[in-house]
Amino acid sequence: EKLVNGGNRWRTIPSVKHADILALTAQFENMAEPIKQLAAEIELMNHLPAADFQITPILLLGSPGIGKTAFAMALSKVMGLPFKKLNGAEPSFTLTGSHPTWTKSAPGMMVEQLAATGCAAPLFLVDEIDKPSGERYPIVSALLELLEPENATEFKDEFFQISFNARHAI
């Protein structure tokens, strides 16, 4: 069914207005600075070709309970994007998938979101990235690949053994 839709099968640029992003300030006053930065980026992206769409990652620092997760969820709703939250202590194969020869192997969260939602720009919240898990496969290694635009264009899912463009993920 996706193949029949031709070139419009993946939506890369969220259909959102500058004012809609700024309106989040009323609900999340303590996030005014990131909202202002994001609104400016969205305004710029609306004037660029779809292939150039990319939002700068946002690092939200603060005590528990100040609304970081609620803000990310509200942002995804305003932008009309699928939202997925993952724990920073998860292993890297949560995003990249695990090799098919492993017991309980599975695709990564990145390719799952792209396939299930039909949106090339899903919004991810990595919660508590500052709390290392001591695991052998830290999620930071997978995040570094996603945050670097050149590497993100060849992001590899270990389960399917394919590389794909994950550059538009937020």
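Everything here concerns the structure above.
A brief structural summary. Everything numeric here is computed off the predicted structure, so don't read it as measured data.

### Things to note about the overall build of the protein chain
Piece 1. Within the protein chain, the secondary structure is distributed over eight helices and four strands.
Piece 2. Along the chain direction, N to C, the helices and strands of the protein chain fall in the order α-α-α-α-β-α-α-β-α-α-β-β.
Piece 3. Out of the 170 residues belonging to the protein chain, those deemed buried represent 37%.
Piece 4. The contacts in the protein chain between residues at least 6 apart in sequence include a share of 66% that link residues at least 24 apart.
Piece 5. When the accessible surface of the protein chain is summed, it comes to about 9900 Å², and 56% of that surface belongs to carbon and sulfur atoms.

### As for the environment of K68
Piece 1. Within the fold, K68 resides in helix α4 (residues 68-79).
Piece 2. Sequence separation between K68 and L125 is 57 residues, and the spatial gap between their C-alpha atoms is 9.2 Å.
Piece 3. Look past the residues within four positions of K68 in its chain and what remains in contact with it is M31, L60, L61, G62 and S63.
Piece 4. Polar contacts involving the side chain of K68 include one to the main-chain carbonyl oxygen of G62, which spans 3.0 Å.
Piece 5. Among the polar contacts made by the side chain of K68, one reaches the main-chain carbonyl oxygen of S63 at a distance of 3.0 Å.

### As for the pattern of salt bridges
Piece 1. Applying the stated criterion across every chain, the model contains one salt bridge.
Piece 2. With a shortest N-O distance of 3.4 Å, K85 and D127 are connected by a salt bridge. Of this pair, K85 sits in strand β1 (residues 83-87) while D127 sits in strand β2 (residues 123-127), and the two are 42 residues apart along the sequence.
Piece 3. Judged by its relative accessible area of 19%, D127 falls in the buried class.

### Quick notes on the nonpolar core
Piece 1. One finds I21 and L75 to be the most contacted residues of the largest nonpolar core, which totals 22 residues.
Piece 2. Those residues in contact with L75 that lie beyond four places of it in its chain are I21, L24, L38 and L123.
Piece 3. Listed in part, the 15 residues of the second largest apolar core include M109, M110, V111 and A166.

### What to know about unusual backbone geometry
Piece 1. One non-glycine residue, K104, adopts positive backbone phi at about 60°.
Piece 2. Tracing the chain through its elements places K104 in the loop between α5 (93-96) and α6 (109-117).
Piece 3. Here K104 falls in the exposed class, since its relative accessible area comes to 81%.
Piece 4. Non-glycine residue Q161 carries a positive phi angle of around 60°.
Piece 5. The residue Q161 is located in the loop between β3 (155-157) and β4 (162-164) in this model.

### Observations regarding helix α3 (residues 32-45)
Piece 1. Over its 14 residues, α3 runs 20 Å from end to end, which matches the ideal 20 Å to within 8%, given 1.5 Å per residue.
Piece 2. Along α3, the positions that sit buried rather than exposed are P34, I35, L38, A39, E41, I42 and M45. End-on view of α3: buried residues confined to an arc of 165°, all on one side of the axis. Turned more than 90 degrees from where α3 packs its buried face, E33 and K36 sit exposed.
Piece 3. Tucked into the core, α3 has its buried residues touching α1 (18-22), α2 (24-27) and α4.

### Regarding the packing of aromatic side chains
Piece 1. If you walk through the whole model with that rule in mind, you get four aromatic pairs.
Piece 2. Measuring from ring centre to ring centre gives 5.5 Å for F93 and W102, while their planes differ by 80°; the resulting arrangement is edge-to-face.
Piece 3. Judged by centre distance (5.0 Å) and plane angle (85°), the ring pair of F159 and F160 falls under edge-to-face.
Piece 4. Assessed through its relative accessible area of 25%, F159 is described here as partly exposed.
Piece 5. For F160, a relative accessible area of 44% corresponds to the partly exposed category.

Definitions and cut-offs
Residues numbered from 1 in each chain as written. Predicted model: local features only at pLDDT ≥ 70, side-chain atom pairs only at ≥ 80, totals over all residues. Heavy atoms only, no water. Helix = DSSP H or I, 4+ residues; strand = E, 2+ residues; numbered from the N terminus. Buried < 20%, exposed > 50% of the residue type's maximum accessible area, 1.4 Å probe, protein only. Contact = heavy atoms within 4.5 Å. Areas by Shrake-Rupley, 256 points an atom, 1.4 Å probe, with all protein chains shown as cover. Polar contact = N/O pair within 3.5 Å; in protein donor to acceptor, adjacent residues only side chain to side chain. Salt bridge = Lys/Arg side-chain N within 4 Å of Asp/Glu carboxyl O. Core = buried A, V, L, I, M, F, W, Y, C linked by side-chain atoms within 4.5 Å. Expected span 1.5 Å × (residues − 1). Arc of directions from axis to C-beta. Phe/Tyr/Trp six-rings, centres within 6.5 Å; stacked < 30°, edge-to-face > 60°.

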